[in-house]
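Listed here are the chains, written in short residue letters.
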Amino acid sequence: MFVEDIKNDFYNSLLGNRVLLLVHYDVDAICTCKILQDLFKCDNISYTLVPVGGISELKTAYEENNEEIKYVVLVNCGGTIDLVDILQPEEDVVFFVLDSHKPTDICNVYSDGQVRVIYKDDEENIPNFNDIFREDEDEDDHEPEEELQGTERLEAVVQKRRERKAWEERRHTLMFNYTQFSYYGKPSGCVALELAVRASRCNTAALWAAAVACTAHSALHLRTNARCLLDAEPLHRYLATHSHAEGARVVVEKDLCIPLYRCWSVESALSHARCLAPVLRLHAASGPARLRQLLADMGFPLQQARQAYRSMDVELRHGLLSALESAAPRLRLPAPARAAFLLRRPHAHVLAALDTVLAVMALIEHDTIPKADGFQKALAALQITGENESLKFGIAAAKRSMEAVGRLSNGILSSKSLMLAGPFNYFIIQEGVSECWCVRGPLWLGEVARWVAGATGGSRPLLASAPLSATHCLLLGLPPRHDAEPRNLFGAAFEQAATKSSVSVSLDYVDTSVVVLPTSQRTQFLDALTALLA
């Protein structure tokens, strides 16, 4: 069932109770967790926080922490699966689900109250209850009325079975149409911000977390541009009316959509900008010359462009945005600037929400620290006051990861390793490649896929595979025109291909367009997928 009043029907139910908070490993979920943590601290709500990476971890986390727990809050996990069937909870346990992954499982939607979905997205075309569930599902073998005799009795049985078959076919069609695409709804961080406003707990920290969540959905192309603007509209409204008592303030300003340029050199930032590097064809032999031409058109000497941004000439630094906007059309580059969320603090450098998104991604999928520690560092990176060592660590890790993504993407394109398999393109990152450490998770593998798709036009579906361990690999699907229409067919296709090919595919990820399978069976699985989508 859906929660009608987010404050009274959700938040007030938690007051005075211990809560189990299960949070997925993604940027939006961490931003949402940050807002909820601050709310819980204000109202003395005791809670147990457990990060989860997949369905099996979700089940384990619940089994290990469900003693004396009556309320469970799930952030960006649990919405797309039948929670009651998988977790087998006691009847008095209530699950509150705040999940931007769609579509929502139909059993959660029509739960009698044990599962309560906090937000209903406008895009969800949920089938009616009577079209999916029947009260007489177990009555197929029941005899018709005793007063019917002979031929009439037989005709009644046949008619009943025909009606049942027609209903099942209609149900199958409705469920197929409802579940064939996986997609993302409104960022959970924006919903959590609305709760903070309703609870009179809205502060700059909550606004910043929601801004980072919105930026993540936009930067990773999880929503269309139009939807991202609609999602951010309440945030813009709250920013206009919020007073900044603590000094730090979140603003919306025109800014370059170039990652980490304030923390890097201009040349490095341009070289690793997914929106510009593929168009500049940096993977080609003439790519560096195009980049130098762009810098020359901007009026930036190489010596200045290769310095740290904060060490550049002040006039060049202040004119960077206008210079790049003027030079971009000459090389047919996309518009390099757009409205962006920035954090301005006294006696500190301006911080872009896009840079924070990349820092959080790098901490979640860091190659040397445990995942749970990376989760805690990612939460700490959202702090807006004091020296933020976690953010500095995350930005350094993000630069390293983006360098690896750039080398991998340019290597795939320059060596023509992008393969054609009938209905889709695919590339495979082999074990032993020096940058493998970067793409052992779906966040940065997705960045490589989007870079390659951008360089090839993005008109065809794309599969990306990378080694996960010595015996297994990760497989990620990207829909065609992912930047304009991010609905993904690969989730349903992976499930059907696994059934037809008899490959032992793990469908454990919350995002169904990401799967794990044995490396030795990857070719067999791709063949089955090709036949299915042809």
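Preceding this paragraph is the structure being described.
Rules behind the numbers
Residues numbered from 1 in each chain as written. Predicted model: local features only at pLDDT ≥ 70, side-chain atom pairs only at ≥ 80, totals over all residues. Heavy atoms only, no water. Salt bridge = Lys/Arg side-chain N within 4 Å of Asp/Glu carboxyl O. Helix = DSSP H or I, 4+ residues; strand = E, 2+ residues; numbered from the N terminus. Buried < 20%, exposed > 50% of the residue type's maximum accessible area, 1.4 Å probe, protein only. Pairing = 2+ DSSP bridges. Core = buried A, V, L, I, M, F, W, Y, C linked by side-chain atoms within 4.5 Å. Contact = heavy atoms within 4.5 Å.

Caption draft 1: Representation of the pattern of salt bridges within the structure. Within this structure, the stated rule accounts for 25 salt bridges. In this structure, the salt-bridge partner of Glu253 is Arg344, at a minimum N-O distance of 2.8 Å. On the criterion of sequence distance, the pair formed by Glu253 in strand S8 (residues 249-256) and Arg344 in strand S9 (residues 337-344) is long-range, its members being 91 residues apart. Among the ionic pairs, Glu325 bridges to Lys254, the shortest N-O distance being 2.8 Å. Of this pair, Glu325 sits in helix H16 (residues 320-327) while Lys254 sits in strand S8, and the two are 71 residues apart along the sequence.

Caption draft 2: Structural detail: unusual backbone geometry. A cis amide bond links Lys102 with the next residue in sequence, Pro103, at an omega value of 5°. For Glu68, which is not glycine, the phi torsion reads 55° and is therefore positive. Its location among the elements puts Glu68 in the loop between helix H3 (55-65) and strand S3 (71-75). For Leu260, which is not a glycine, the phi torsion comes out positive at approximately 60°. Structurally, Leu260 can be placed in the loop between S8 and helix H11 (266-271). Take Leu260: its relative accessible area is 0%, and that puts it in the buried class.

Caption draft 3: Geometry of the pairing of S9. Of the pairings in the sheet, the one linking S8 to S9 comprises eight bridges and is antiparallel in character. Each bridged residue has a counterpart across the sheet, and for Val250 the counterpart in S9 is Leu343. Two strands pair when backbone bridges link them, and S9 and strand S10 (residues 351-352) are joined in this way by two bridges, in the antiparallel orientation. Directly across from Leu342, in S10, lies its bridge partner Ala352. A loop of six residues connects S9 with S10, the two strands running antiparallel in sequence, and His347 in this loop sits at a positive phi of about 60°.

Caption draft 4: Representation of the nonpolar core in the model. Phe10, Leu270 and Met298 are the most contacted members of the largest nonpolar core, which has 131 residues in total. Examining the composition of this core, we find that eleven residues originate from one element, helix H9 (residues 204-219), more than from any other. Excluding residues within four positions of it along the chain, Leu270 makes contact with Ile258, Leu276, Ala277, Leu291, Leu294, Leu295, Met298 and Leu324.

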